[in-house]
Number of protein chains: 2
Amino acid sequence: MAQNKEPLVLRDMGSFHIGGRLAEISGKPVREVAIGGATQKLDPNGSYLVEQMYVQYVLPQNRKGKVPLLMWHGGGFTGVTYESTPDGREGWLNMFVRKGWDVYVSDAVERGRAGWAMPEVFEGEPVFLTVNVPWTAWRFGDPGTWDPDPAKRRPYPGSQFPVEVYDNLLKQLVPRWTTTNKPIMAAYNQLVDKVCPCVLLVHSQSSTFGYEAALANPDKVKALVIVEGTIRGNAQTVAKLKNVPILVLYGDNVDRSPMFSGQRKSNMEMAALAKAAGGSIEIVNLPEVGIKGNTHFMMMEKNNAEIADVIQKWLVGKGLVD
Amino acid sequence: MAQNKEPLVLRDMGSFHIGGRLAEISGKPVREVAIGGATQKLDPNGSYLVEQMYVQYVLPQNRKGKVPLLMWHGGGFTGVTYESTPDGREGWLNMFVRKGWDVYVSDAVERGRAGWAMPEVFEGEPVFLTVNVPWTAWRFGDPGTWDPDPAKRRPYPGSQFPVEVYDNLLKQLVPRWTTTNKPIMAAYNQLVDKVCPCVLLVHSQSSTFGYEAALANPDKVKALVIVEGTIRGNAQTVAKLKNVPILVLYGDNVDRSPMFSGQRKSNMEMAALAKAAGGSIEIVNLPEVGIKGNTHFMMMEKNNAEIADVIQKWLVGKGLVD
């Protein structure tokens, strides 16, 4: 699996959980469960630790980023977003470590190694996605072009996504709730308290969390890189973030998606507000700088190194790299 | 967080998902879900990818282990078991990479970054554990000695577990089903097919999966290290595994637990059968070799490096280290 001959030299790597609270459950009947061949009585009443978040860190020996780089995943995903690509190449975690950044990748509350809580704590049911939904929703191809047979899938021309291993993207999906923004945000804020000043790199759903984290800590978030996500703000928020430069990246075929083109239009309005307030929101449409064929998952596509370089160049320009 | 001055030099690190199958859901009503501020219709009927497993790999530049070392977690846990300890020191993942092993840590089907499936696929309800259950079940202290206040907890004398950060162990817990052994085993077998010959290091629940994997691939599993787990076999299975050396480690205070002392007694019977068949199951009670105070979670306790050395020495003795 090693395609890069240069070794990764780390001064440390590890993980921790952060956040969480005690929740009390009462009034439920005792269950009988079969574990390891023996039936045991399980009293579900009592205290549970819930709503913690998982964070892994990879710290290069030769550090060049002036602050840590935190990578937050999108809805239905985990930190795996930034690990190896679906076709087994290096993802942005390794790439930015190689560029000299201390990288912290997290699994938000309810996702992956963060764990998730019982119905008494998490309201409503989680969302699971059928195999064809991501294909259209995240701009792999037009409706009707997905097929269970990889050879029959018809992505947009020049797609950078390795569609023959689309299943490997689906395997990264985990169930998500739509009612858990508050605990997710609480844990992210604790992470920012612990490891920042920093740069936040956010994707899709986590753009909301990244922007809120910056608003809560405008002195600690030195820059915000948004990969295809919405900026939910107004004249007040852009004023508060006038010293936090923001880069927003969009892939190809955005005009074909009402959702993404609407989101981008709203972001452009925010960029105008930011400019008027003395701040900076730069929106880069990758096709306009010659980088074509990317979907919503540019961090794991064939040209992911080229896009990492776009981000790195921007961070260098902001004075965040030694 | 870096306490070890020697850098970790890796020839690669990354992750992948393996296994999984398509499941069809039909006959369910369309749901309305609020995502990102907008209500969307979600048709839950269709094909889903389910029952895949997550695997991360960390490969040292200076490889000394003759085969990869696969680390499988116990019930209710994920691969985080082998990452940083609850008190922030290095875990066995880093330690065995430093010893020159290619290490593969996985999150089994349904756990962590493997994701989990809907009730139509996973039978029954998952198990959540209240904060006090692990304290007694996994031999931190006698019943009644756990207290929400860390200062008031009364562990067994000389406990190696950092009880002041017991909460950090609880945060590693994820919900578990008790009905999913078959898909878990199927994915583990695919992993063995992909990356072995290898050594398996298993904990608690995964001892069953490790033993079954060895039975399915007695030529590929070169050794099996069981940290406090049951060997479910008989005269036939020990004969089949006569060329697969097995080491079983037990911590302290086993006699205080009917569950663990019963399990150990059963393992000793298996060891006698193995010996009669020309095989080898070695059961090491750590207190008998001067290593005292360990609970069921010896890989994350204060003396975890000392216990890693016990395992390493055994693996060297089996000719598995260059």
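How each quantity is defined
- Residues numbered from 1 in each chain as written.
- Chains lettered and ligands numbered in written order.
- Predicted model: local features only at pLDDT ≥ 70, side-chain atom pairs only at ≥ 80, totals over all residues.
- Heavy atoms only, no water.
- Salt bridge = Lys/Arg side-chain N within 4 Å of Asp/Glu carboxyl O.
- Helix = DSSP H or I, 4+ residues; strand = E, 2+ residues; numbered from the N terminus.
- Buried < 20%, exposed > 50% of the residue type's maximum accessible area, 1.4 Å probe, protein only.
- Contact = heavy atoms within 4.5 Å.
- Least-squares fit on C-alpha atoms with pLDDT ≥ 70 in both.
- Buried area = accessible area lost by both parts, 1.4 Å probe.
- Polar contact = N/O pair within 3.5 Å; in protein donor to acceptor, adjacent residues only side chain to side chain.
- Nonpolar A, V, L, I, M, F, W, Y, C, P; charged D, E, K, R; others polar.
- Pairing = 2+ DSSP bridges.
- Expected span 1.5 Å × (residues − 1).
- Arc of directions from axis to C-beta.
- Right-handed = clockwise from strand over helix to strand, strands pointing away.
- Disulfide = S-S within 2.5 Å.
- Core = buried A, V, L, I, M, F, W, Y, C linked by side-chain atoms within 4.5 Å.
- Axes fitted to C-alpha atoms, helices over the stretch in contact; angles between N-to-C directions.
- Parallel < 35°, antiparallel > 145°, perpendicular 65-115°, else oblique.
- Left-handed = near helix turned anticlockwise from the far one by under 90°.
- Phe/Tyr/Trp six-rings, centres within 6.5 Å; stacked < 30°, edge-to-face > 60°.
- Lys NZ or Arg CZ within 6 Å of the ring centre and 35° of its normal.

1. Comments concerning the pattern of salt bridges
Thought 1: In this structure the tally under the stated criterion is 34 salt bridges over all chains.
Thought 2: A salt bridge links Arg113(A) to Asp107(B); the nearest nitrogen and oxygen atoms lie 2.9 Å apart. Note that Arg113(A) is positioned in the loop between strand 6 (103-107) and helix 2 (133-137) and Asp107(B) in strand 6 (residues 103-107), a pairing that runs across two chains.
Thought 3: Arg113(A) sits in the buried class, given a relative accessible area of 0%.
Thought 4: Between Glu110(B) and Arg111(B) there is a salt bridge whose closest N-O contact spans 2.7 Å.

2. Section: the side chain of Thr230(B)
Residues and elements named next belong to chain B.
Thought 1: For Thr230, the position within the fold is in the loop between strand 8 (221-227) and helix 6 (235-240).
Thought 2: Its relative accessible area of 16% is what places Thr230 among the buried residues.
Thought 3: Non-local contacts of Thr230, meaning those with residues more than four positions away in its chain, are made with Ser207, Thr208, Gln263 and Asn267.

3. Focus: the relation of the copies chain A and chain B
Thought 1: It takes a turn of 180° to lay chain A on chain B, together with a shift of 0.0 Å along the axis; the resulting RMSD is 0.0 Å. Within this description, the copies of the chain are treated as partners about a two-fold rotation axis.
Thought 2: Comparing interface residues between copies, 100% of those in chain A also sit at the interface in chain B, which points to an isologous, same-surface contact.

4. Quick look at the interface of chain A and chain B
Thought 1: At the interface, 72 residues of chain A touch 72 residues of chain B.
Thought 2: Between chain A and chain B, a total of about 5900 Å² is buried, with carbon and sulfur atoms accounting for 59% of that surface.
Thought 3: In this structure, the connection of chain A to chain B is made through 4 salt bridges.
Thought 4: Counting the contacts that link chain A with chain B gives 28 residue pairs in polar contact (both at pLDDT 80 or more).
Thought 5: Elements with a minimum of two residues in the side of chain A that touches chain B: strand 1 (8-25), strand 2 (31-35), strand 4 (46-60), strand 6 and helix 3 (166-170) of chain A.
Thought 6: Examining the composition of the side of chain A that touches chain B, we find that 13 residues originate from one element, strand 1 of chain A, more than from any other.
Thought 7: Broken down by class, the residue content of the side of chain A that touches chain B amounts to 37 nonpolar, 21 polar and 14 charged.
Thought 8: In the sheet, strand 1 of chain A pairs with strand 1 (residues 8-25) of chain B via 3 bridges, with the strands oriented antiparallel. Paired with Val9(A) across the two strands is Val9(B), which belongs to strand 1 of chain B.

5. Comments concerning unusual backbone geometry
All names here are of chain A.
Thought 1: The step from Cys196 to Pro197 runs through a cis peptide bond, and the omega angle for that step is 20°.
Thought 2: Take Pro197: it is sitting in the loop between helix 4 (181-195) and strand 7 (198-203).
Thought 3: Located in the positive-phi region is Asn253, a residue other than glycine, with phi close to 60°.
Thought 4: Mapping Asn253 onto the fold places it in the loop between strand 9 (246-250) and helix 7 (258-276).

6. Description of helix 8 (residues 304-317) of chain A
Along an α-helix, residues three or four apart share an orientation, since each turn contains 3.6 residues.
All names here are of chain A.
Thought 1: Across its 14 residues, helix 8 extends 20 Å between first and last C-alpha, which sits within 8% of the 20 Å expected from 1.5 Å per residue.
Thought 2: Within helix 8, burial applies to Asn304, Ile307, Ala308, Ile311, Gln312, Trp314 and Leu315. End-on view of helix 8: buried residues confined to an arc of 160°, all on one side of the axis. Of the exposed residues in helix 8, those oriented more than 90 degrees away from the buried face are Lys313 and Gly317.
Thought 3: Next to the buried residues of helix 8 lie helix 1 (92-98), strand 7, strand 8 (221-227), strand 9 and strand 10 (281-285).
Thought 4: Note on helix 8: the residue one or two positions beyond its end, Gly319, has a positive phi of about 75°.

7. Some words on the pairing of strand 5 (residues 69-72) of chain A
Residue and element names in this part refer to chain A.
Thought 1: Side chains Leu69 and Met71 of strand 5 all project onto a buried face; the interleaved residues Leu70 and Trp72 project onto the opposite face, where all are buried too.
Thought 2: As defined by bridge partners, strand 5 adjoins strand 6 across 3 bridges and the pair is classed as parallel. For Leu70, the partnering residue across the bridge sits in strand 6 and is Tyr104.
Thought 3: For the handedness criterion, the β-α-β arrangement of strand 5, helix 1 and strand 6 is classed as right-handed.
Thought 4: Pairing of strand 5 with strand 7, which is carried by 4 bridges, proceeds in the parallel orientation. Bridge pairing links Trp72 to Val202 in strand 7.

8. Some words on the state of the cysteines
Residues and elements named next belong to chain A.
Thought 1: Summed over all chains, the structure comprises 2 disulfides over all chains.
Thought 2: The side chain of Cys196 participates in a disulfide bridge whose partner is Cys198; the two sulfur atoms lie 2.2 Å from each other. Its torsion about the S-S bond being 75°, the disulfide of Cys196 and Cys198 is classed as right-handed.
Thought 3: On the basis of relative accessibility, which here comes to 8%, the residue Cys196 falls in the buried class.
Thought 4: On the basis of relative accessible area, Cys198 is assigned to the buried category, the value being 0%.

9. Things to note about the nonpolar core
Thought 1: The biggest cluster of nonpolar side chains holds 208 residues, and the ones touching the most others in it are Trp92(A) and Trp92(B).
Thought 2: Leave out the neighbours within four places in its chain, and Trp92(B) touches Met71(B), Tyr82(B), Leu201(B), Val227(B), Met298(B), Met299(B), Asn304(B), Ile307(B), Ala308(B) and Ile311(B).

10. Some details on the packing of helix 4 of chain A against helix 5 (residues 206-216) of chain A
Residues and elements named next belong to chain A.
Thought 1: Taken N-terminus to C-terminus, the directions of helix 4 and helix 5 make an angle of 50°; their axes are 10 Å apart at the nearest point. With respect to helix 5, the axis of helix 4 lies oblique. Of the two elements, helix 4 crosses helix 5, and the hand of that crossing is right-handed. Residues Asn181, Ile184, Met185, Tyr188, Asn189 and Val192 of helix 4 form the contact with helix 5, whose own contacting residues are Ser206, Phe209, Glu212, Ala213 and Ala216.
Thought 2: Its residues assigned to classes, the contact of helix 4 with helix 5 shows 7 nonpolar, 3 polar and 1 charged.

11. Looking at the packing of aromatic side chains
All names here are of chain A.
Thought 1: Scanning all chains against the criterion turns up 37 aromatic pairs over all chains.
Thought 2: Ring geometry for Trp116 against Trp177: centres 5.7 Å apart, planes inclined by 35°, an arrangement best described as tilted. With a gap of 61 residues between them, Trp116 in the loop between strand 6 and helix 2 and Trp177 in the loop between helix 3 and helix 4 connect regions that are remote in the sequence.
Thought 3: Judged by centre distance (5.3 Å) and plane angle (85°), the ring pair of Trp135 and Tyr166 falls under edge-to-face. Remark: Tyr166 occurs in helix 3 and Trp135 occurs in helix 2; sequence separation between them is 31 residues.
Thought 4: In this structure Tyr166 comes out as buried when scored by relative accessible area, which is 0%.
Thought 5: What links up through ring pairs into an aromatic cluster is the set Phe77, Trp135, Trp138, Phe140, Trp146, Phe161, Tyr166 and Phe297.
Thought 6: Directly above the ring of Phe16 sits Lys194, whose terminal nitrogen or CZ lies 4.7 Å from the centroid.

12. Brief notes about the side chain of Asn285(A)
All names here are of chain A.
Thought 1: Considering the arrangement of structural elements, one finds Asn285 in strand 10.
Thought 2: Of the residues examined, Asn285 reaches a relative accessible area of 12% and is grouped as buried.
Thought 3: In this structure the side chain of Asn285 is engaged in a polar contact, spanning 2.7 Å, whose partner is the side chain of Arg264.
Thought 4: With near-sequence residues (within four places) excluded, Asn285 lies in contact with Tyr250 and Arg264.

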